[in-house]
Amino acid sequence: MIVDKLLGAGESTDGILMVGYCDFLISGLSSGAVKLQYLLKPTAVLIAPTWTDFPDMSFTADVYKTVFISEHGTLLRLTGVANNAGVYCRLSRFLNK
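Definitions and cut-offs
Along each chain, residues carry numbers from 1 onward, in the same order as the chain's sequence is written. pLDDT decides what is reported in this predicted model: residues at 70 or higher carry local features, side-chain atom pairs at 80 or more are listed and counted, and totals for whole chains, interfaces and linings draw on all residues regardless. Side-chain measures here rest on the full set of heavy atoms in the structure, leaving out hydrogens and waters. Any pair of Phe, Tyr and Trp rings, taking the six-membered ring for Trp, is counted once the centres come within 6.5 Å. Such a pair is stacked with planes under 30 degrees apart, edge-to-face with planes over 60 apart, and tilted for the rest. Starting at the N terminus, helices and strands are each numbered in turn, a helix being any DSSP run of H or I of at least four residues and a strand any DSSP run of E of at least two. Each residue is placed in one exposure class: buried if its accessible area under a 1.4 Å probe, protein chains only, is under 20% of its type's maximum, exposed if it is over 50%, and partly exposed if it falls in between. We call a set of buried Ala, Val, Leu, Ile, Met, Phe, Trp, Tyr and Cys residues a nonpolar core when their side-chain atoms join them within 4.5 Å. Throughout, a residue-residue contact means that at least one pair of heavy atoms, one from each residue, lies within 4.5 Å. Strands were regarded as paired on the criterion that DSSP finds at least two bridges between them. Interaxial angles span 0 to 180 degrees and are taken between N-to-C directions of axes, which are lines fitted to C-alpha atoms, for helices over the stretch in contact. Any pair of N or O atoms that falls within 3.5 Å is considered a polar contact. Within protein, one atom must be able to donate a hydrogen and the other to accept it, and sequence-neighbouring residues count only if both atoms are side-chain atoms.

(A) Region of interest: the packing of aromatic side chains. Across all of its chains, the model carries three aromatic pairs by this definition. On the numbers, 5.7 Å between centres and 50 degrees between planes, the contact of phenylalanine 24 with phenylalanine 59 is tilted. Of the two residues, phenylalanine 24 is situated in strand 2 (residues 16-27) and phenylalanine 59 in strand 4 (residues 52-59); the sequence distance between them amounts to 35 residues. One exposure class covers both phenylalanine 24 and phenylalanine 59, and it is buried. Look at tyrosine 38 and phenylalanine 54: their rings are 5.2 Å apart centre to centre, the planes differ by 80 degrees, and that puts the pair in the edge-to-face class. Taken together, the residues tyrosine 38 in strand 3 (residues 33-39) and phenylalanine 54 in strand 4 connect sequence positions 16 residues apart. Assessed through its relative accessible area of 22%, phenylalanine 54 is described here as partly exposed.

Below, the structure is given as structure tokens:
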């Protein structure tokens, strides 16, 4: 499963359901930042989840990283913050059970 997009200033990729090992790529970032964000599935206590920044996952330069998500039903996305136009962002997962 792959989500990729060329981000304009302040745009986000679509959310992608992640579980297991997940890769993300940010390429062409020359100004501003791109943040990895998560959206948890609703629960009886967390009735209306919101997109939240991952701690220590804000980038001001190109990066390729792998993260591990253990909770089923978590959505991830990449969001630009005062970023230059044309930043290539990609989220993917493969062969996770």
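(B) Highlighting the nonpolar core. Of all hydrophobic cores here, the largest spans 20 residues; its most connected members are Phe24, Ile26, Val34, Leu36, Val67 and Leu78. Within the residue set of this core, elements represented by two or more residues are strand 1 (2-7), strand 2, strand 3, strand 4, strand 5 (63-81) and strand 6 (87-93). Contact partners of valine 67, with chain neighbours within four places excluded, come to Gly20, Tyr21, Cys22, Phe24, Leu36, Met57 and Leu76.

(C) Main features of the sheet that holds strand 4. Strand order in this open sheet of six strands is 1-6-2-5-3-4, and the pairing throughout is antiparallel. This sheet does not close on itself; its edge strands, each paired only once, are strand 1 and strand 4. Strand after strand, the sheet turns through a mean of 20 degrees between neighbouring axes, direction not considered. The sheet contact formed by strand 3 and strand 4 spans four bridges and is antiparallel. Bridge pairing in strand 4 places glutamine 37 opposite aspartate 53.

(D) The side chain of threonine 79, seen in detail. Structurally, threonine 79 is set in strand 5. According to the relative accessible area criterion, threonine 79 is buried, its value standing at 11%. Within polar-contact distance, the side chain of threonine 79 engages the side chain of serine 12 at 2.8 Å. Contacts of threonine 79, omitting those with residues within four sequence positions, involve Leu7, Glu11, Ser12, Ala33, Val34, Lys35 and Gln37.

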